[in-house]
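# Close look at the chain arrangement
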Amino acid sequence: MTVTGFTNPVITYIDMACQNLANGTLTANFTCSFPMKYYDDSQRYDINVTVRDISGVLAYNDTEFFNYNSLKAWTLTPTSFSFPSANPESTDIASIQNPIKMNNTGNEDISTINVTAYDLAGTTDPSYFIGAGNFSVNIINAASGDILSNATEIPVSGSSLPSGPLSVENLYFWLEYVPNVINQIYDTSTLGQWIIKGE
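In this report, we go over the structure that sits alongside the text. Bear in mind that the values here come from a model prediction, so they are computed numbers and not experimental data.

Parameters at a glance
- Residues numbered from 1 in each chain as written.
- Predicted model: local features only at pLDDT ≥ 70, side-chain atom pairs only at ≥ 80, totals over all residues.
- Heavy atoms only, no water.
- Helix = DSSP H or I, 4+ residues; strand = E, 2+ residues; numbered from the N terminus.
- Rg over C-alpha atoms; globule rule 2.2 N^0.38 Å.
- Buried < 20%, exposed > 50% of the residue type's maximum accessible area, 1.4 Å probe, protein only.
- Contact = heavy atoms within 4.5 Å.
- Lys, Arg positive; Asp, Glu negative; His and termini not counted.
- Charge placed at Lys NZ, Arg CZ, Asp CG, Glu CD.
- Pairing = 2+ DSSP bridges.
- Polar contact = N/O pair within 3.5 Å; in protein donor to acceptor, adjacent residues only side chain to side chain.
- Axes fitted to C-alpha atoms, helices over the stretch in contact; angles between N-to-C directions.
- Phe/Tyr/Trp six-rings, centres within 6.5 Å; stacked < 30°, edge-to-face > 60°.

When its secondary structure is counted, the chain shows zero helices and 18 strands. Its C-alpha radius of gyration of 26 Å places the chain more than 25% over the 16 Å reference for a compact globule of 199 residues. A principal-axis box enclosing the C-alpha atoms of the chain has dimensions of 90 × 30 × 25 Å. Counting over 199 residues, the chain shows a buried share of 31%. For the chain, restricting intrachain contacts to residue pairs at least 6 apart in sequence, the fraction spanning at least 24 positions comes to 67%. Side chains of the chain give 6 positive and 19 negative charges; the mean places of these two sets differ by 12 Å.

The buried fraction of strand S16 (residues 168–177) is high, at seven of 10 residues. Bridge count for strand S8 (residues 91–94) against S16 is three bridges, and the pairing is antiparallel. Residue pairing across strands places Ala94 opposite Trp174, the latter belonging to S16. In the sheet, strand S9 (residues 100–104) pairs with S16 via four bridges, with the strands oriented antiparallel. Paired with Lys101 across the two strands is Asn170, which belongs to S16. Pairing of strand S13 (residues 135–138) with S16, which is carried by four bridges, proceeds in the antiparallel orientation. Residue pairing for S16: Val137 is matched across the bridge by Phe173.

By the secondary structure assignment, Ile100 is in strand S9. When the C-alpha atoms of Ile100 and Asn138 are compared, they prove to be 11 Å apart, with 38 residues separating the residues in sequence. Aside from chain neighbours lying at most four places away, what touches Ile100 is Leu76, Thr77, Pro78, Phe81, Glu169, Asn170, Leu171 and Phe173.

Attention shifts here to the side chain of Ser95. With respect to the element layout, Ser95 can be found in the loop between S8 and S9. Judged by its relative accessible area of 5%, Ser95 falls in the buried class. In terms of polar contacts, Ser95 uses its side chain to reach the backbone carbonyl oxygen of Ser82, at 3.0 Å. A distance of 3.2 Å separates a polar side-chain atom of Ser95 from the backbone nitrogen of Gln97.

Along the chain, the position of Thr188 falls in the loop between strand S17 (186–187) and strand S18 (195–198). Spatially, the C-alpha atom of Thr188 lies 9.1 Å from that of Gly122, the residues being 66 residues apart in sequence. With residues near it in sequence (within four places) discarded, Thr188 still touches Leu120, Gln193 and Trp194.

Right, let's talk about the sheet that holds S18 for a bit. The sheet built from three strands is open, its strands ordered S15-S10-S18 with antiparallel pairing. Each edge of the sheet is formed by a strand with only one pairing partner; in this case those strands are strand S15 (152–155) and S18. For this sheet the average axis-to-axis angle between neighbouring strands, irrespective of direction, equals 25°. By the bridge criterion, four bridges tie strand S10 (residues 113–117) to S15 in an arrangement that is antiparallel.

Attention shifts here to the packing of aromatic side chains. The full count for this structure, using the stated rule, is nine aromatic pairs. Relative to Phe135, the ring of Phe83 has its centre 5.3 Å away and its plane inclined at 50°; by these criteria the two rings are tilted. Taken together, the positions of Phe83 in the loop between strand S7 (74–77) and S8 and Phe135 in strand S13 put the pair 52 residues apart, joining distant regions of the chain. By relative accessible area, which is 2% here, Phe135 ends up buried. Between Phe135 and Trp194, the ring centres sit 5.2 Å apart and the planes meet at 80°, which makes this aromatic pair edge-to-face. Placement of the pair is Phe135 in strand S13 and Trp194 in the loop between S17 and S18, with a sequence separation of 59 residues.

Here's what the structure looks like:
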């Protein structure tokens, strides 16, 4: 039994695990399986089943096929991040959890990664906030990266996630500048959670 997809390069699965489930006087019932990978191309796959009996008579069926659908998906590890305590006017503060690892778990290429940030409001006195424009993100772990903007989708320069095994992009978040705000915790619970997604 072979299963073949005709992208470039051609993908062929040969000699999958087959089990003889039942035998009749002149028949045998086999069930075959094959392990599709999550990153296999979305396309039509043709199935060819060939059988030869003990007398050498050959039979085959190559009329069946199935379609493997496209999937754009990813995981983030970890799923949240934070920054250490800092004083007003401090600069270039890296996230404690850097890097955030984004893994392509689908079979579509991701051409760029976008980040939508929101201002961080104080949890005690929300009239104070740290604007999203005080943060940046990049893929090279440098203090100077793409500056984020409140409620605005910002592409991460140089980012991409082609489909395939172990396709990972590292994202590094930095607090570029701490404004003149009071001492309290600032988080996303009031003004909105940040969004990281692939396009």
